[in-house]
Amino acid sequence: MKNAKILGLFVVLGLILRLSLSRVIYSGDLNNHIGWGRTITVMGGSGAYDREYSGIMQPTYPPLALYAFTSSYWAYKNIYEASRHLNSSFSMFPSKIIWWLEDQNTLPAFQKIIGIFSDLGIGVLIYLLAISIGVSKNKSLLASGAFIFNPATWYNSALWGQIESFPLFWLLLAIWFLHKNKWQLSHLSFMASLLSKQSTVIFIPFFFLFSLKKIGWKNTLLGGLLQLMLMYFAYLPFFKTTDIMWPFKVYINRIQVGSGSNFITDHAFNVWVFYSHLQKIADNNVAWLGILGFISGTLMYLPKLFKTLSLKNILSTMGMTALLAFWILTRMHERYLAPALPFLAILSVTSPVYIFLYIVVSFGNLVNMYHNWWVPTIPSWVAWTSLWSTINGVAISLGIVWLIWLIKYYYDKE
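Given the structure is predicted, the values throughout are model-derived calculations rather than measurements. (Residues numbered from 1 in each chain as written. Predicted model: local features only at pLDDT ≥ 70, side-chain atom pairs only at ≥ 80, totals over all residues. Heavy atoms only, no water.)

## A look at the overall build of the protein
Move 1: Of regular secondary structure, the protein possesses 20 helices and two strands.
Move 2: Relative to the globule expectation of 22 Å for 414 residues, the C-alpha radius of gyration of the protein, 22 Å, shows essentially globular dimensions.
Move 3: Projected onto its principal axes, the C-alpha coordinates of the protein cover approximately 70 × 55 × 55 Å.
Move 4: When the 414 residues of the protein are sorted by exposure, 55% land in the buried category. (Helix = DSSP H or I, 4+ residues; strand = E, 2+ residues; numbered from the N terminus. Rg over C-alpha atoms; globule rule 2.2 N^0.38 Å. Buried < 20%, exposed > 50% of the residue type's maximum accessible area, 1.4 Å probe, protein only.)

See the structure below:
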């Protein structure tokens, strides 16, 4: 009971911290999220992926993200209209609420709610998963707190307003359910992660390997059918065609164009900065090298994974995969390092080595994000994060972290 209360306190404090920052500033991407939500609220979902949007691009996110953006806009719109009605009907109603709602940072703050609550949900799942790999409850609390209060996490969700934590929440929930042999909920949760953001496709092989280990091929096949049903159900409100393959086509298309660019690196401090120097260079001739390196790296996990397909090994391989994807694939954004953090947070309470790796990756992620968005503007930090020695140092250190993690992965005994 004491641990539950402390975990609850972490969640409440984490929520207060994030909400207090949510109206400070926001990234330009939220204009897309607001625009999609507003248009779908007014015009409905049918054809939402194909219609033209004034001043913004077509939706690049899967259905669950669009539901979140639309729900956030709908909530703001109705709260605003109800407040206006009350203000005009009752003289006692405080007009400052209207001013607060009309502030330019309030509507974007509503769009941040999904990322904020996903952060906190991940914090709870980190606690549960850490216990599941044999960590004490006290240390599991430390792992949860290390994530909830990590500046790299709230900087991303509460200030920028990005939703990297949304698919990660569903992914970790899927692993948790599968560990508990609740395979139906697990497979539905995994599809929910895929339908939240396409970045989770890199985890598909490892999830299905774990599923085969835990529940066998028959239930895994049934789980795959459940996922397929959920996918069609999620896309149903957006259908404006009789093509039964349309959900797959639009999903794959958004994977190809969803990053908004075809640059070798879209401001990510990874191995490609030595080639592109962060210039906007198309990856037409080198993308295959990144894919080849990524596949080769992930294949290195398999010998141990096939030998010991444990929960800890699955968590470790997924974390390494997230880090490797950021480090070696093209078209990476600075915030795409975020998926590695929950896995390292869980492992950080099992060894001092993982504590070190978690600190390095967290700091590297924060520095990378800050370099592209100087908030708050601290001249010394602006200057330091702009040095090529800093940029190259972060890129090199992340590659070293992956190598140390791989060695530690094979060194650990199960």
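Still more to cover.
## Thoughts on the nonpolar core
Move 1: Counting residues in each nonpolar core, the largest one holds 110 residues, and the members touching the most others are Tyr155, Ile175, Tyr235 and Met318.
Move 2: Of the residues forming this core, the biggest block, eleven residues, is contributed by helix H16 (residues 311-328).
Move 3: Sequence-distant contacts of tyrosine 155, defined by excluding residues within four places in its chain, comprise Trp160, Leu366, Met369, Tyr370, Trp373 and Val375.
Move 4: Listed in part, the nine residues of the second largest apolar core include Phe93, Ile98, Leu107 and Phe110. (Core = buried A, V, L, I, M, F, W, Y, C linked by side-chain atoms within 4.5 Å. Contact = heavy atoms within 4.5 Å.)

## Regarding the packing of helix H1 (residues 2-21) against helix H8 (residues 151-160)
Move 1: At a closest axis distance of 8 Å, the pairing of H1 and H8 adopts a crossing angle of 45 degrees. If you check the angle between H1 and H8, you find them oblique. Of the two elements, H1 crosses H8, and the hand of that crossing is right-handed. Contacts from Leu17, Arg18 and Leu21 of H1 reach H8 at Thr153, Trp154, Ser157, Ala158 and Leu159.
Move 2: Of the residues assigned to the contact of H1 with H8, the class counts are five nonpolar, two polar and one charged. (Axes fitted to C-alpha atoms, helices over the stretch in contact; angles between N-to-C directions. Parallel < 35°, antiparallel > 145°, perpendicular 65-115°, else oblique. Left-handed = near helix turned anticlockwise from the far one by under 90°. Nonpolar A, V, L, I, M, F, W, Y, C, P; charged D, E, K, R; others polar.)

## What about the environment of isoleucine 25?
Move 1: Structurally, isoleucine 25 is set in the loop between H1 and helix H2 (29-43).
Move 2: Among the residues examined, isoleucine 25 registers a relative accessible area of 27% and is labelled partly exposed.
Move 3: Here the alpha-carbon distance between isoleucine 25 and glycine 161, two residues 136 residues apart in the chain, equals 9.0 Å.
Move 4: Excluding residues that lie within four positions of it along the chain, isoleucine 25 makes contacts with Asn105, Lys112, Leu159, Trp373 and Val375.

## Quick notes on unusual backbone geometry
Move 1: That bond from valine 375 to proline 376 is cis: its omega, -10 degrees, falls within 30 degrees of zero.
Move 2: Tracing the backbone shows proline 376 in the loop between helix H18 (352-372) and helix H19 (379-386).
Move 3: Despite not being glycine, arginine 331 has its phi angle at roughly 65 degrees, a positive value.
Move 4: Inspection of the secondary structure assignment puts arginine 331 in the loop between H16 and strand S2 (332-333).

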